[in-house]
Structure formats: structure tokens, C-alpha cells
Amino acid sequence: MEDLKLPGIDYGALLPMLILFGAACVGILVEVFTPRRSRNVIQLSLALLAVVASFVAVIFQHDTRTITIGGAVAIDGPTLFLQGSLLALGLVSLLLIGERQIERGGPFVSQAAITVGSQKDLRQAGDQPGATEVYPLTVFSLGGMLLFVAANDLLTMFIALEVLSLPLYLMCALARRRRLLSQEAALKYFLLGSYASAFFLFGVALIYGFAGGIALSQVHEAVANPERSQVLLYGGLALIAIGLLFKAALAPFHVWTPDVYQGAPTPVTALMAACTKVAAFGALLRILYVAFDGVRWDFQPVLGTIAVLTMLVGAVLAITQTDMKRLLAYSSIANAGYVLVGVLALNEEGLSSTMFYLVAYGFSVLAAFGIVTLVRDADGEATHLARWAGLGRKSPLVAGAFTFILLAFAGIPLTSGFTAKFAVFGAAVEGGQTWLVVFGVITSMLLAFPYLRVVVLLWLSEPSETTPTVSIPGFLTSAALVIGVVATIALGVVPAPLIDLTRDAAQFVR
Amino acid sequence: MTPDYYLVLAAILFTIGAAGVLVRRNAIVLFMCIELMLNAANLALVTFSRINGSLDGQIISFFVMVVAAAEVVVGLAIIMSIFRTRRSASVDDANLLKY
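Residues numbered from 1 in each chain as written. Chains lettered and ligands numbered in written order. Predicted model: local features only at pLDDT ≥ 70, side-chain atom pairs only at ≥ 80, totals over all residues. Heavy atoms only, no water.

You'll find chain B entered in an unreviewed UniProt entry as NADH-quinone oxidoreductase subunit K, with Couchioplanes caeruleus subsp. caeruleus given as the organism. The record in UniProt for chain B states the following under Sequence similarities (unreviewed entry): "Belongs to the complex I subunit 4L family." Database annotation for chain B, UniProt heading Catalytic activity (unreviewed entry): "a quinone + NADH + 5 H(+)(in) = a quinol + NAD(+) + 4 H(+)(out)". (UniProt positions renumbered as here; feature names shortened; annotations may be inferred.)

The name given to chain A in an unreviewed UniProt entry is NADH-quinone oxidoreductase subunit N, with the source organism recorded as Paractinoplanes pyxinae. Word for word, the UniProt comment on chain A under Sequence similarities (unreviewed entry) is "Belongs to the complex I subunit 2 family." Here is the UniProt Subunit (unreviewed entry) comment for chain A, exactly as written: "NDH-1 is composed of 14 different subunits. Subunits NuoA, H, J, K, L, M, N constitute the membrane sector of the complex."

Draft legend 1. Here's a closer look at the overall build of chain B. Each helix and strand in chain B was counted, giving 3 helices and 0 strands. Scaling as 2.2 N^0.38, a compact globule of 99 residues should have a C-alpha radius of gyration of about 13 Å, whereas chain B reaches 17 Å, well beyond that. Summarising its shape, the C-alpha atoms of chain B cover approximately 50 × 25 × 25 Å along the three principal directions. Buried positions account for 40% of the 99 residues belonging to chain B. (Helix = DSSP H or I, 4+ residues; strand = E, 2+ residues; numbered from the N terminus. Rg over C-alpha atoms; globule rule 2.2 N^0.38 Å. Buried < 20%, exposed > 50% of the residue type's maximum accessible area, 1.4 Å probe, protein only.)

Draft legend 2. The arrangement of the side chain of Thr-257 of chain A in detail. Residues and elements named next belong to chain A. Examined against the element boundaries, Thr-257 turns out to sit in helix H10 (residues 256-263). Engagement of the side chain of Thr-257 in a polar contact is seen with the backbone oxygen of His-254, the distance being 2.7 Å. With near-sequence residues (within four places) excluded, Thr-257 lies in contact with Ala-249, Ala-329, Ser-332 and Ile-333. (Polar contact = N/O pair within 3.5 Å; in protein donor to acceptor, adjacent residues only side chain to side chain. Contact = heavy atoms within 4.5 Å.)

Draft legend 3. Here's a closer look at the sheet that holds strand E3 (residues 375-377) of chain A. Residues and elements named next belong to chain A. Taken in spatial order, the 3 strands make up an open sheet running E4-E3-E5, and their pairing is antiparallel. What marks the edges here is a single partner per strand, and that holds for strand E4 (380-381) and strand E5 (469-470). Across 2 bridges, E3 lies against E4 in antiparallel orientation. Its bridge partner lying in E4, Arg-376 is registered against Glu-381. (Pairing = 2+ DSSP bridges.)

Draft legend 4. Geometry of the interface of chain B and chain A. Contacts between the two partners involve 45 residues from chain B, matched on the other side by 41 residues from chain A. Summed over both partners, the interface of chain B with chain A comes to about 3,800 Å²; 77% of that surface belongs to carbon and sulfur atoms. Counting the surface chain B buries against chain A, the share from its top three residues, Phe-48, Ile-78 and Leu-97 of chain B, is 18%. Residue Arg-86 of chain B pairs with Glu-184 of chain A through a salt bridge whose shortest N-O separation is 3.3 Å. Inspection of the region where chain B meets chain A yields 7 residue pairs in polar contact (both at pLDDT 80 or more). (Buried area = accessible area lost by both parts, 1.4 Å probe. Salt bridge = Lys/Arg side-chain N within 4 Å of Asp/Glu carboxyl O.)

Draft legend 5. Highlighting the UniProt feature "domain: NADH:quinone oxidoreductase/Mrp antiporter transmembrane" (unreviewed entry) in chain A. Within this numbering scheme, the UniProt entry marks residues 151-446 of chain A as carrying the feature "domain: NADH:quinone oxidoreductase/Mrp antiporter transmembrane" (unreviewed entry). Helix and strand shares over residues 151-446 of chain A are 78% and 2% respectively, and the end C-alpha atoms of the span are 37 Å apart.

Draft legend 6. Structural view of the side chain of Arg-376 of chain A. All names here are of chain A. Here Arg-376 is to be found in strand E3. Overall, Arg-376 belongs to the buried group, its relative accessible area being 9%. Those residues in contact with Arg-376 that sit more than four places away from it in its chain are Ile-102, Glu-103, Glu-381, Ala-382, Pro-468, Thr-469 and Ser-471.

Draft legend 7. Just the UniProt feature "transmembrane region" (unreviewed entry) in chain B, in detail. Residue and element names in this part refer to chain B. Per the UniProt record, the feature "transmembrane region" (unreviewed entry) sits at residues 6-23, 28-48 and 60-83. Annotated as 100% helix and 0% strand, the span residues 6-23 places its first and last C-alpha atoms 26 Å apart. The span residues 60-83 carries 100% helix and 0% strand; its end-to-end C-alpha distance comes to 34 Å.

Draft legend 8. Layout of helix H18 (residues 434-460) of chain A. The first and last C-alpha atoms of H18 of chain A sit 38 Å apart over 27 residues, in line with the 39 Å expected at 1.5 Å per residue. Buried within H18 of chain A are the following residues: Leu-436, Val-437, Gly-440, Thr-443, Ser-444, Leu-447, Ala-448, Pro-450, Tyr-451, Val-454, Val-455 and Leu-458 of chain A. (Expected span 1.5 Å × (residues − 1).)

Draft legend 9. Quick look at empty space enclosed by the protein. All names here are of chain A. With the rule as written, the count across this model stands at 4 cavities of 30 Å³ or more. Size it by volume and the largest cavity reaches roughly 70 Å³. Lining the largest cavity are Asn-335, Tyr-357, Ala-360, Tyr-361, Ser-364, Ala-408, Phe-409, Ser-416, Gly-417, Ala-420 and Lys-421. Among the elements of the structure, helix H14 (348-372), helix H16 (396-410) and helix H17 (416-430) are those that each provide at least two residues to the lining of the largest cavity. Tallied by class, the residues present in the lining of the largest cavity amount to 6 nonpolar, 4 polar and 1 charged. (1 Å grid on protein atoms, 1.4 Å probe; cavity = no way out; pocket = protein on both sides within 12 Å on 5 of 7 lines; lining within 4 Å. Points joined across faces, edges and corners; volume = space filled by probe spheres on them. Nonpolar A, V, L, I, M, F, W, Y, C, P; charged D, E, K, R; others polar.)

Draft legend 10. Structural context of the environment of Ala-270 of chain A. Residues and elements named next belong to chain A. Its place among the elements puts Ala-270 in helix H11 (residues 266-291). Placed 175 residues apart in sequence, Ala-270 and Met-445 show a C-alpha to C-alpha distance of 25 Å. Contact partners of Ala-270, with chain neighbours within four places excluded, come to Leu-96, Leu-366 and Phe-369.

Draft legend 11. View of the nonpolar core. Grouped together as the largest cluster of nonpolar side chains are 215 residues, with contacts concentrated most on Phe-281 and Phe-292 of chain A. Residues contacting Phe-281 of chain A, with those up to four places away along its chain left out, are Ala-248, Leu-250, Ala-336, Val-339, Leu-340, Val-343 and Leu-358 of chain A. (Core = buried A, V, L, I, M, F, W, Y, C linked by side-chain atoms within 4.5 Å.)

Draft legend 12. Quick peek at H16 of chain A. Residues and elements named next belong to chain A. The end-to-end C-alpha separation of H16 is 20 Å, in line with the 21 Å expected for 15 residues at 1.5 Å each. Three or more residues of H16 are buried, namely Val-398, Ala-399, Phe-402, Thr-403, Ile-405, Leu-406, Ala-408, Phe-409 and Ala-410. Phi turns positive one or two residues past the end of H16, at Gly-411, with a value near 85°.

Draft legend 13. Structural detail: the packing of aromatic side chains. All chains considered together, the criterion is met by 18 aromatic pairs over all chains. Aromatic side chains Tyr-189 of chain A and Trp-256 of chain A sit 4.8 Å apart centroid to centroid with 10° between the ring planes, which places their arrangement in the stacked category. Linking Tyr-189 of chain A in helix H7 (residues 179-211) with Trp-256 of chain A in helix H10, this pair joins segments that are 67 residues apart in sequence. Exposure class is identical for Tyr-189 of chain A and Trp-256 of chain A. Each is buried. Both rings, one in Trp-388 of chain A and one in Phe-402 of chain A, keep their centres 5.0 Å apart while their planes meet at 45°; by these two values the pair is tilted. Here Trp-388 of chain A is found in the loop between E4 and helix H15 (391-394), whereas its partner Phe-402 of chain A is found in helix H16, with 14 residues between them in sequence. Residue Trp-388 of chain A shares its accessibility class with Phe-402 of chain A, and that shared class is buried. Of the aromatic side chains, those joined through ring pairs into one cluster are Tyr-169, Tyr-189, Phe-190, Phe-246, Trp-256, Tyr-261 and Phe-369 of chain A together with Phe-31 of chain B. (Phe/Tyr/Trp six-rings, centres within 6.5 Å; stacked < 30°, edge-to-face > 60°.)

What follows is the structure, given as C-alpha cells:
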């Protein structure tokens, strides 16, 4: 028998992911072996430590450009930049997830398996500390996201997609308050998410049939010199795209977004809005730029139509919303449309501006959801828009920060929102996609309306008896809010360092 | 004997699964339809593996089986917790989140 030839493994390049997966496994053991009282502190420190260590590992790798473990993982500029930003955004979401000061026991239910409304449930609703499983789940999910943006063949991409999604489905069901809504959100996210990944998988099968292999470089060559039926190519590309567009919440695959964002615990919503979006677009960039750039003239108009549809749906439906979390969900759908405009520029500028947009939007949306966790009444978070009326009079600092974030979403100059939109629109014009920019500008104006309506509501209404109070944030939430707001200002006033970083990173290896 | 028939069968199974998710109402049945889609993909992978003369497709289908098993664990946990509260696994009853 011949000797097996094993592929070389560059452990250094894989270190960021290995750290996260290792820490998540340790986290599960901690769950078993430590007493309940000290668990929260240990789990939170372990998760934060793992994310920071992984971030340091990414920084040490910043010059690495390699393809390792038999072509399954590509470590290149976009991978490292997106991994770094995922870890930075993940760290801030962990701070929100770890908050235990605002509400007794924190935002997560103690035992999610207990039937809602039973005697036991009423007892645990009172004061039992929240589940700490949420930390290992978050770290697993982050690890999956890191692998998702690095995946260099379609199988690795599918596995990473599942590793990042499965923990998120569970985390959606863990809210302490309004548990029925939370479970319903988890059910919807799970059913639609696995439906979309089944489409992704069938697409992988078709592309395997077309290209004779699943490595993205093989697909690239097969696209350039096709030997099999084009039906396999276009069918496969369409099905794979459905899977990715679903994760990125682009119309018409956005329908789950508002429901899931509203029902999930707010810190988890923040994680989904910031990190999942980065991961999904990272994978979409790699698929379109590395594997399928040979048929760019065929998919550009289709995805362009999807981008326009997404921006219109997000902007128009945001106007009609009456719930703060749903409004932010529709705004995140519209923003996904703007990111897709950057992706469709299909040049180096498009790649770098897309990555910039993802980071800028991620920090702003984390701060926005962080503030949503603070505005509360006796029943938990008060998310109905009418309840926010007059909040500016009662707590000017928080309302001021929220106003600033909304202005950033609307794309007012001197905020990161303006710089990011400017960058993606500039790239799209350069890439010959002016029609997308026209729609982008029109929908930005539409989208400014719901934001400004909230600003008016905050500052120009009189506070009433029922205006909820703003809780005093604990250290963790304060830190998350400060990071989010400062990043939003900094990327608006001095964006140059990050833009340079994205430009240096904007080169895929094949 | 030509392997093309297996591809046609895979496509038919996938379509049945995809249509089933859209028309059925019970969460468990929906879930089974999704599993049917995954297995249709497996059949296509194995057939292409035969056509291409490489083992990749068979290896992928093993990975898919593991992923499907993990999905069952998560999915049934979520469906069970909802069923215990509502005494119903119909997706039409889960309608608190809208507009």
C-alpha cells in the first residue's frame, strides 16, 4: 500500500480559529465543573480572553498570504481584515451579552427548557441568574464566522455556515422576558435558515458536478473553460447565492429579519446585525470575486436588481414601523443593500469599500442596540416607538447618543455612515454601476425619514407618565456604548487609517 | 447504465422537499422536508462523484450527514420547547411577531 500523503497544515495561520474553538470547548467544561455562583464571571472572562487572544493572533499574522490544509482555508488580506473586524465587533457584542447590572439575572433566561408560564418558570423569572451557556455558544458562532470568511472550498464554507448558524438559532430562544416571542423567533430563524442552507448545499452539489471539484480555484478554472453543461453552472451559482443572500438578509430573502431581530434577546440581535452580516458578505465576496468572476456579466445585473429591491424594501418598510427593534431591522436590510452595491463594483476599490462599510456599520448598529437594552419599564425593554416620545428631556445623554447613531445611519457628514456610503458609491461608479448609485442615493433620502422621525419624537415631544426610564448601564454596557459611538465618530472624522488598511488588504489569493 | 437518472431523481426529491416546506404546516413535517432536500443533495453529490471519478463527493456527503444530525438536535430542541408551551407544532400558530 502506498504511503498516504497528508496535506500540510499551517497551524500559525489557523491559530485565531483554533483559539476560539478551543475556548468554546473549555467553556462547556467550565459549565459542568464550576459552581453556579462563580460561573458567569469565569465564562465571561474566558470568552473575552479568547476573543482578545484570537485578535492578537490575527495581528501577528498580518503579513501571511497562504492557502493551507489542502486548500480548504485561505489566509489572505480580506480574510485577515474581516477576521480582525469580526473579533473586534464580537468583543463589543460580548460586552453587551455579559451585562448583568441592568436587570436582575441578566437578559437571558436561566433554563430555557422549562415550559413558559409553568410554576417553575414563574420562580425562575424572579431572580435566578441567567444561563451562562450563552458565552460558549457565542464563541462557537464567532469561530464559525472566522472560518466562513476564510473558507476556500465549498465544503468548508458549508460547514462554517452551519457552525456559525446553529448556535445563533439557540441563542435566539434564550430571552428572559417575552419568552414566547423569543421561541417563535428561534423557530422561524431555524426553519428558514436550514431551508436556505439546504439550497446552498444543492448548489454546492451542482457546482461539484460542473467543475469536478469544490476548491474555489478549480471552480474558477472550470468557469473559464467550461467542459460541462452551463445549466449546472448557473443553477449552482443561483442556489449558492440564495444561501448567502439569506444570511446577509437581502430582499427577497429578508423576510425572517424583522421577526428574528425583534424576538431575539437584544444583545444577540446586536451580534447578528453586526457580525453575521460581516461574515455573510465576506463569504459572498470570496465566492463572487475568486470563483465566479468569469461570469460577472451574467450575475451583475441579477444581483444589481436584488440590491435595488433590498434598498427599496428596507427604506419603504422602515417608514411604516412602530417598534424600535423592527425599525432597526429594516434599516439593517437597507444597509445590506448598500453593501451589495459595493460588492457589485467587482474591482479592488469595491472590495476595500465593502469591508470599510461593514466595520463602520457594525460599530454603529452595536451602539444602537446597546441603547435599546437601556430603555426599560417594568415589563423589560420598552421597544414601541410611542414609548420613546420625550426621552430627550428625561435623559439627554442617552437620547443624544442615539440621535447621533441615527444620524450616522442616515449618512450625515462627519459620521462613519457618510464616509462608508461615499466609499461604496464611489467604488460602484468606478465599476460602471452608476444605476445602482442612483437608486442608492434615492433610497438614502427615503431612509432618512424614519430616522429623523425618531429624532423628532425623542426631542420635540413632551415626556408623559408612561415614558420609560433609562436604566443606569453597568460597566460592560457603558464600555460597549462608548466604543460604538467613538468608532462612529472616529471613522467619520479620520477614516484614512482604516481605509488604508482595507486597501492594503484588498487582494484575494487564489 | 447511465448515472443521469440519479441526477433527475435527486432534482425531483429536492423539488418535493422545497415545495413541501412551502405548503405544509407542521414544524416537524417542515423539518423532514428540509432533511429530504439535504439527502437529495447527497444523492447528487454521490452521483457526480461517480461521474467525475473522484471521491470528493462521497466525502462531502459524509460531512453533510453529520451536519444534518447536528441540525436535528438543535431543531428538535427548539420545536419541543415551543410545543410544550403551545400544545401545537403548527407554524401557523406561531404568529405573535408581525408587522
